[in-house]
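An overview of the molecular structure
These are the residues of each chain, in order.
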Amino acid sequence: MGKSLLPESALDDWCQWSSRLSSRPVLKKPLCGGRSNQSFLLESGIGHLVLRINGTGSLLPGADRSNEINIWKAASKQGIAPPLVFVDPKNQYLVSMYINNDLPPRPQNNEACVEEALRLLNSCHQLDVKAPGIDYFSHIEHYWQIIETGKQPVNPGLVSQRKPIQQTLNSLLNSNTPTGICHHDPVTANFVGTPNHLYLIDWEYAANGLQIMDYAALATEWHIDNQTILKRTGFTTASLADAKALYQYMCALWQAATSRD
């Protein structure tokens, strides 16, 4: 696995970023980012920017960085993602406009935040952009390959869930659950803005997939009760329970895979 690019090295390319930039942006501070990437706040003549250094090996199996960019651009046109300023041709980093983040510490307790997050996911699912479909089975097996080649004992709880989760996934895939462009990582850190206008960032896991997985993730990460999700989406109690079990299982696999020696 290669080393991540240093932010100062990315800043050396500033002349390529935008014709509106007349001087080198100034690196202000690191930002709290997602699970895999490093983000930094920049001050520039066109406003505050975010420099995101892409994590190495952070993409899903079979994914392509260009897919994230295409989906991000489509989401930006719909006002649900910050505008992109520059994308490094080598896919080592990207630059986007900075959005002031006034999200409260516990957004699940703010009704406006919850409603806005649900609206945002719905808008994401309506995006009209070509993108490959996610293979959830390959996603799971990718993590298992990493776990099983590690030096630490495998969590027996994860082992015991392996076949039942496969059955759960099969059940979801064979149901009438709607599909569309899904973000697949709506953790709190990937929402920025205000309770009345949120944006989603870090679209590297985005792909065509089961829409219910985004809502299962949101319910889990934001600690939103099932009834709130069901009331606004129309999903069944059983399908949401299955999706939450699948999402939580994949999170546990991710945690196990990324903590291996």
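So, here's what we can say about the structure. A quick note: this is a predicted structure, and the numbers were derived from the prediction, not measured.

**Details of the environment of D135**
Examined against the element boundaries, D135 turns out to sit in the loop between α3 (111–125) and α4 (136–148). Classification of D135 as partly exposed rests on a relative accessible area of 42%. In the structure, D135 is positioned 73 residues away from N208 in sequence and 9.4 Å away in space, judged by C-alpha atoms.

**Thoughts on the pairing of strand β2 (residues 38–44)**
Most of β2 sits out of view: 5 of its 7 residues are buried. Pairing of strand β1 (residues 26–31) with β2, which is carried by 5 bridges, proceeds in the antiparallel orientation. For K29, the partnering residue across the bridge sits in β2 and is L41. Sheet topology places β2 next to strand β3 (residues 47–53); 7 bridges connect them, and they run antiparallel. Considered in β3, the bridge of S44 is made with G47. Counting the residues that bridge the hairpin from β2 to β3 gives 2 residues.

Parameters at a glance
Position numbers for residues start from 1 in each chain and track the written sequence from start to end. Thresholds applied to this predicted model are a pLDDT of at least 70 for local features of residues and 80 or more for the giving and counting of side-chain atom pairs; totals over whole chains, interfaces and linings are not thresholded and use all residues. Values shown for side chains rest on all heavy atoms present in the structure; no hydrogens or waters enter the calculation. Helix numbers and strand numbers start at the N terminus; a helix is a DSSP run of H or I with at least 4 residues, a strand a run of E with at least 2. Here the term buried applies to any residue with accessible area under 20% of the maximum for its type, exposed to any over 50%, and partly exposed to those in between, with areas from a 1.4 Å probe on protein chains only. A pair of strands is treated as paired once DSSP finds two or more bridges between them.

Any link to function would need more than the numbers given here.
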